[in-house]
Amino acid sequence: MTDVILRNENLRRILSGHPWIYKTEIDHIEGDYEPGGIVDVYDHKKNFIGRGYINLKSMITVRILTHEKDELINEDFFKKRILRAWEYRKKVMDNLNSCRVIFGEADFLPALIVDKFGNYLVIQTLSLGMERYKGLIVNILVELLNPKGIYERNDVSVRMLEGLPETKGFLYGNFDTIQQFEENGVKLWVDIENGQKTGYFLDQKENRAAIKKYVKDADVLDCFSHTGSFSVHALHYGAKSVETVDISEAALDMAKKNAALNGYLDRCRFTCENAFDLLKKYDEENKKFDVVILDPPAFTKSKETVKDAIRGYKEINLRAMKILKKGGFLITCSCSQHISPDVFLNIIKEAAHDTRKNTRLIEKRTQSKDHPILLSSSETEYLKCLILQVF
């Protein structure tokens, strides 16, 4: 077995259970190894820390799979981990028709993502080490979950950092990649082949259900709507009208199909426009809504652009507050991992101050329980959802 010896430096993060070993934390490597192969990790005193896979092409050089010295990384290991992840979902999720089956580091399978849409699975192997086990993982998923098909969405740039090509395609079965699934009693279409990420954002599942109390009989503006998941939920929960806004015509076409699938087209209109521009225009026109929903894409993917992201979040929330009727509700989200919950809440406070709105916080929410947060890995906590009332 190849041994990776760490520097005599602060190991608190690693010893607390964070699964990543950075290149700069390694003192030296003893023995031969293959890129993506299994290595043992030790501190400078040769105390065993964990076992994982290595790739010197990546700044995250080792990803820990186990802290048990006698646990081998083989088929039995992956079967146990995948089964444990699935049993957890069966325990905490109300409906397994759609859910995230495996959430990487939080399920102790770093760089592996598996999403379930009805009878179909979508998989991402985002590191060289996990890519080497892809065939084995597919076989285990077929055995344990018995899906009709599995599709890989490895067309993501992060794989380039691992020296891996971007790719997508069928891994099991051959099927129509436009599929229907159910979420919170709502029927939805998912484009498994070409939709964003794995085709649909399952992490907002519980937050979409949480809007039920606030949208009944309301005029709703849903900005950054993508394929209309919040819009269709609002209509499902009795909204009087919904304006669905996105800059992508293709996303809005899918949103229309989702509204039609549930029989709600008569209460929904679709606007293809930049949400920043539209919010500003509605503010200038003194247009008012009972509820505004903001679910933008990540405004920053690095620490270097956090200040710009803060300005962006403040701008849209400030504009949203100004177009809400007195006592109206703002449902606002951020999926930027580099914007902490405290920072996001402070942005909202600043926006409320600048608009001279008296705003009260009703719910502080995060990602759905099928995206669990590993306390030792801050990267697993990324989604913020605040529900506020504005006066």
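Report follows, based on the coordinates. (Residues numbered from 1 in each chain as written. Predicted model: local features only at pLDDT ≥ 70, side-chain atom pairs only at ≥ 80, totals over all residues. Heavy atoms only, no water.)

**Some words on the sheet that holds strand S6 (residues 60–66)**
Under the convention used in this document: Any two strands with at least two DSSP bridges between them are considered paired. In DSSP terms, a helix is any run of H or I states spanning at least four residues, a strand is any run of E spanning at least two, and both are numbered starting from the N terminus. For helices, the axis comes from a line fit to the C-alpha atoms of the stretch in contact; other axes are also lines fit to C-alpha atoms, and the angle between any two N-to-C directions lies between 0 and 180 degrees.
Taken together, the six strands give an open sheet; going across it, the order is S2-S6-S5-S4-S1-S3, and neighbouring strands pair in mixed fashion. Unpaired on one side and paired on the other, strand S2 (20–22) and strand S3 (26–30) mark the two borders of the sheet. Across the sheet, the axes of successive neighbouring strands diverge by a mean angle of 35 degrees, strand direction being ignored. Note: strand S1 (residues 2–6) against strand S4 (residues 38–42), four bridges, orientation parallel. Counterpart to Asp 3 in the pairing with S4 is Asp 40.

**Comments concerning the sheet that holds strand S17 (residues 289–294)**
Operational definition: Residues count as neighbours in contact if any of their non-hydrogen atoms are within 4.5 Å of one another.
Read across the sheet, seven strands follow the order S16-S15-S14-S17-S18-S20-S19 without closing on themselves; strand pairing throughout is mixed. Taken across any chain shown, the strands that pair with only one partner, and hence form the sheet edges, are strand S16 (268–272) and strand S19 (359–365). Each adjacent strand pair in this sheet contributes to an overall mean axis angle of 15 degrees, direction not counted. Relative to strand S18 (residues 324–334), S17 is paired through five bridges, and the arrangement is parallel. Across the sheet, residue Val 291 finds its bridge partner in S18, namely Phe 329. Most of the contacts of helix H8 (residues 249–261) go to S16, to which it runs at about 175 degrees, and overall it touches strand S15 (241–246) and S16. Relative to the sheet, helix H11 (residues 341–355) contacts S18, S19 and strand S20 (384–390), its axis offset from that of S20 by approximately 25 degrees.

**Observations regarding the packing of aromatic side chains**
Filter applied, for reference: Ring geometry is summarised as follows: Phe, Tyr and Trp rings, the Trp one being its six-membered ring, pair when their centres sit within 6.5 Å, and such pairs are stacked at plane angles under 30 degrees, edge-to-face over 60 and tilted between the two. Partly exposed residues are those whose accessible area sits between 20% and 50% of the maximum for their type, while under 20% is buried and over 50% is exposed, using a 1.4 Å probe and protein chains only. Lysine and arginine charges are scored as sitting over a ring when NZ or CZ, respectively, is within 6 Å of the ring centre and within 35 degrees of the ring normal.
Throughout the structure, instances matching the rule amount to 18 aromatic pairs. A ring pair is formed by Tyr 214 and Phe 329, whose centres lie 5.0 Å apart and whose planes are at 50 degrees; its orientation type is tilted. In this pair, Tyr 214 sits in helix H6 (residues 212–215) while Phe 329 sits in strand S18, placing the two residues 115 residues apart along the sequence. This pair shows no difference in class: Tyr 214 is buried, exactly as Phe 329 is. Taken together, Phe 224, Phe 276, Phe 299, Tyr 313 and Phe 344 form an aromatic cluster joined through their ring pairs. The positively charged end of Lys 46 is found above the aromatic ring belonging to Tyr 42, 5.3 Å away from the centroid. The ring of Tyr 282 is capped by Lys 287, whose NZ or CZ atom sits 5.4 Å from the centre of that ring.

**Examining H11**
Helical periodicity: at 3.6 residues per turn, an α-helix aligns residues three or four positions apart in one direction. Selection rule: Multiplying 1.5 Å by the helix residue count minus one yields the expected span of that helix. The arc refers to the directions leading from the helix axis to the C-beta atoms.
Over its 15 residues, H11 extends 21 Å from the first C-alpha to the last, a length consistent with the 21 Å expected when each residue adds 1.5 Å. Phe 344, Leu 345, Ile 347, Ile 348, Ala 351, Ala 352 and Thr 355 are the residues of H11 that are buried. End-on, the buried residues of H11 take up no more than an arc of 150 degrees, which puts them together on one face. Within H11, the exposed residues directed more than 90 degrees away from the buried face are Asp 342, Lys 349 and His 353. Structurally, H11 contributes buried residues whose contacts are with helix H10 (306–322), S18, S19 and S20. Positive backbone phi, approximately 55 degrees, marks Arg 356, located one or two places after H11.

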